[in-house]
Amino acid sequence: MNAKEIKKLFPILDQQVNGNPLVYLDSAATSQKPIQVIEKLDDYYRRYNSNVHRGVHTLGTIATDEYEGAREKVRAFLNADEVAEIVFTRGTTTALNLVAQSYGNDHVSEGDEIVITPMEHHSNIIPWQQLAKRKGAVLKYIPLQADGTIDLVDVEKTITERTKIVSVMHVSNVLGTINPISDIAKIAHKNGAIMAVDGAQSAPHIEVDIKELGCDFFAFSGHKMGGPTGIGALYGRKELLEKMEPIDFGGEMIDFVGLHDSTWKELPWKFEGGTPIIAGAIGFGAAIDFVSDLGFNEIEQHEKELVDYSFERLADLKDLTIFGPKERAGVVTFQLGDVHPHDVATVLDAEGIAVRAGHHCAQPLMKWLNVVATARASYYVYNTKEDIDALANGLVKAKEYFGDVFS
Ligand code: PLP
């Protein structure tokens, strides 16, 4: 299937915005949803809406089978060994917070180190900042190269025997950088640290195999890969998860409750307190089927073509700076002369083109880039070269509109 055919499977994309056909270039924030996912959610609510893991009635059994079936899809998608290693969460943010609050609380002490990078999303900074504050630990940053990549020599220098946790994003939501996770994981392990990965921007776009990555934890979100909002997953190595304490206590996660003491269910349910995100997980499973059927060779190849074409088309625009390395995932973050990114995004919006403007939840990276904000176009399976032509034409309009700033 080519991108034009794929686009037809996303009903939302067939509309006019501000009198122009919608060109959706904000998939790094959230992707659009294919009809297969929408229908799966609809089917759940119409046919078998029920709570899971409770009672024996027929609808509850269907819901439980579908919910646990989705967990199996996540397991297979990541190439994990067991479904016990897959915890459903609200998304990447809650998955990383679970690691920081549970594993981190028990394994990080005063003077220990937590290592991250300046390119991280706030979701992979603040949980560690908070942990470091609670424990009197040191939060260290692997420095970036000028092009926004990581040099393993710096990784070797930054991670020491005091390092307990290394947490790095697989793919940057701003620069598109694809980080050498398996090499970083080896260095972490050599020093006795564990490796956590923020996979929010990799799982939707490149093949992920947690065994090849060699990581201990991998967090990602369904809504960035065609799934519903409010659902994601944490993969954790079983030996680690088994020893970790839950952080959400209440219904669903218990085995026995007494007046003064309680025990927990086995993995992974001890981490899923309360009624789970049932429809979300089932829709997430449908999204995993959708992207898996398209195939990651095709997805990666398609996004590479879009990135190459973006460089080709946008290169002609004077005063346009693109941040990040040439080798990247489908994200193009840029600055147009002195025009504020919000103004750029507003002009593009008037043309029906949706891009993101702001700090992209990466304020430390903005500081490193020496900008307050940027504009970002981010691609997915439904984007076409025509979308990039529209972006290039829209940027010419923005330049004309704010022409005086280029004089
Ligand atoms: N990490 C990265 C790299 C992201 O791009 C995002 C979302 O933009 C997140 C983490 C947070 O994901 P969520 O908001 O789904 O928890």
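Residues numbered from 1 in each chain as written. Predicted model: local features only at pLDDT ≥ 70, side-chain atom pairs only at ≥ 80, totals over all residues. Heavy atoms only, no water.

Engineer: Tell me what's going on with the sheet that holds strand β4 (residues 86-89), and back it up with residues and numbers.
Structural biologist: With respect to topology, seven strands assemble into an open sheet ordered β4-β10-β9-β8-β7-β5-β6, the strand pairing being mixed. Strand pairing shows two members of the sheet lacking a second neighbour, β4 and β6 (138-141), which therefore form its edges. Neighbour-to-neighbour, the strand axes of this sheet turn through a mean angle of 20 degrees, independent of strand direction. Note that β4 and strand β10 (residues 232-236) share four bridges and pair antiparallel. Note that in β10 the partner of I86 across the bridge is Y235. Sheet contacts for helix α3 (residues 58-78): β4, β9 (217-221) and β10; angle to β4, the most-contacted strand, approximately 115 degrees. Together, β4, β7 (163-169), β8 (194-198), β9 and β10 form the strand contacts of helix α4 (residues 92-107), whose direction differs from that of β9 by roughly 155 degrees. (Pairing = 2+ DSSP bridges. Helix = DSSP H or I, 4+ residues; strand = E, 2+ residues; numbered from the N terminus. Axes fitted to C-alpha atoms, helices over the stretch in contact; angles between N-to-C directions. Contact = heavy atoms within 4.5 Å.)

Engineer: Can you lay out the nonpolar core for me, pointing to particular residues and giving the numbers?
Structural biologist: Formed by 68 residues in total, the largest nonpolar core has its most connected members in L78, M195, F218 and F220. For this core, the element with the most residues is helix α10 (residues 278-294), which contributes nine residues. In contact with F218, other than residues within four places in its own chain, are L78, H170, V197, G199, S202, A203, V208, I210, L213, A233, L234 and Y235. (Core = buried A, V, L, I, M, F, W, Y, C linked by side-chain atoms within 4.5 Å. Buried < 20%, exposed > 50% of the residue type's maximum accessible area, 1.4 Å probe, protein only.)

Engineer: Give a description of the environment of I125 that names residues and reports values.
Structural biologist: Tracing the chain through its elements places I125 in the loop between β5 (113-116) and α5 (126-135). A relative accessible area of 2% means that I125 is categorised as buried. Put simply, I125 and S221 are 96 residues apart on the chain and 17 Å apart in space, counted from C-alpha to C-alpha. Once residues within four sequence positions are removed from consideration, I125 is found in contact with I116, E120, Y141 and P364.

Engineer: Give a description of the side chain of E68 that names residues and reports values.
Structural biologist: By secondary structure assignment, the location of E68 is in helix α3. Within the local environment of E68, its side chain forms a polar contact with the side chain of H53, the two groups lying 2.7 Å apart. Within the local environment of E68, its side chain forms a polar contact with the side chain of W269, the two groups lying 2.9 Å apart. Not counting the four nearest positions on each side in its chain, E68 is found in contact with H53 and W269. (Polar contact = N/O pair within 3.5 Å; in protein donor to acceptor, adjacent residues only side chain to side chain.)

Engineer: Would you mind going over the packing of aromatic side chains in detail, with residue names and values included?
Structural biologist: For the structure shown, the criterion picks out 14 aromatic pairs. The interplanar angle of 55 degrees and the centroid separation of 5.8 Å between the aromatic rings of F77 and F296 together place this pair among those described as tilted. Of this pair, F77 sits in helix α3 while F296 sits in helix α11 (residues 296-314), and the two are 219 residues apart along the sequence. No difference in accessibility class separates F77 from F296, as the two residues are buried. Three or more aromatic residues joined by ring pairs make a cluster, and in this case those are Y67, F77, F88, F218, F220, F284 and F296. Here the basic side chain of K326 rests over the ring of F311, its NZ or CZ set 4.6 Å away from the ring centre. Looking at K385, its charged tip hangs above the ring of Y309, at a distance of 5.3 Å from the centre. (Phe/Tyr/Trp six-rings, centres within 6.5 Å; stacked < 30°, edge-to-face > 60°. Lys NZ or Arg CZ within 6 Å of the ring centre and 35° of its normal.)

Engineer: Lay out the pairing of β9 in plain terms, naming residues and giving numbers.
Structural biologist: Looking along a regular strand, one sees side chains alternate from face to face of the sheet. The buried fraction of β9 amounts to five of the five residues, a majority that puts the element mostly inside the structure. Here β9 shows no split at all, with F217, A219 and S221 on one side and F218 and F220 on the other all buried. Sheet topology places β8 next to β9; three bridges connect them, and they run parallel. Pairing of A196 across the sheet is with F217, part of β9. Two elements, β9 and β10, share five bridges in a ladder whose sense is antiparallel.

Engineer: How would you explain the site of the ligand if you had to name every residue and give the values?
Structural biologist: Around the ligand, a shell composed of 13 residues is seen, among which T93, D198, Q201, S221 and K224 lie nearest. At 2.6 Å from an oxygen atom of the ligand is found a side-chain nitrogen or oxygen belonging to T93. One nitrogen or oxygen atom from the side chain of S221 is found 2.7 Å from an oxygen atom belonging to the ligand. With the chains in place, 84% of the 390 Å² that the ligand exposes on its own is no longer accessible. Among the residues forming the shell around the ligand, the class breakdown is two nonpolar, nine polar and two charged. (Near = heavy atom within 4 Å. Areas by Shrake-Rupley, 256 points an atom, 1.4 Å probe, with all protein chains shown as cover. Nonpolar A, V, L, I, M, F, W, Y, C, P; charged D, E, K, R; others polar.)

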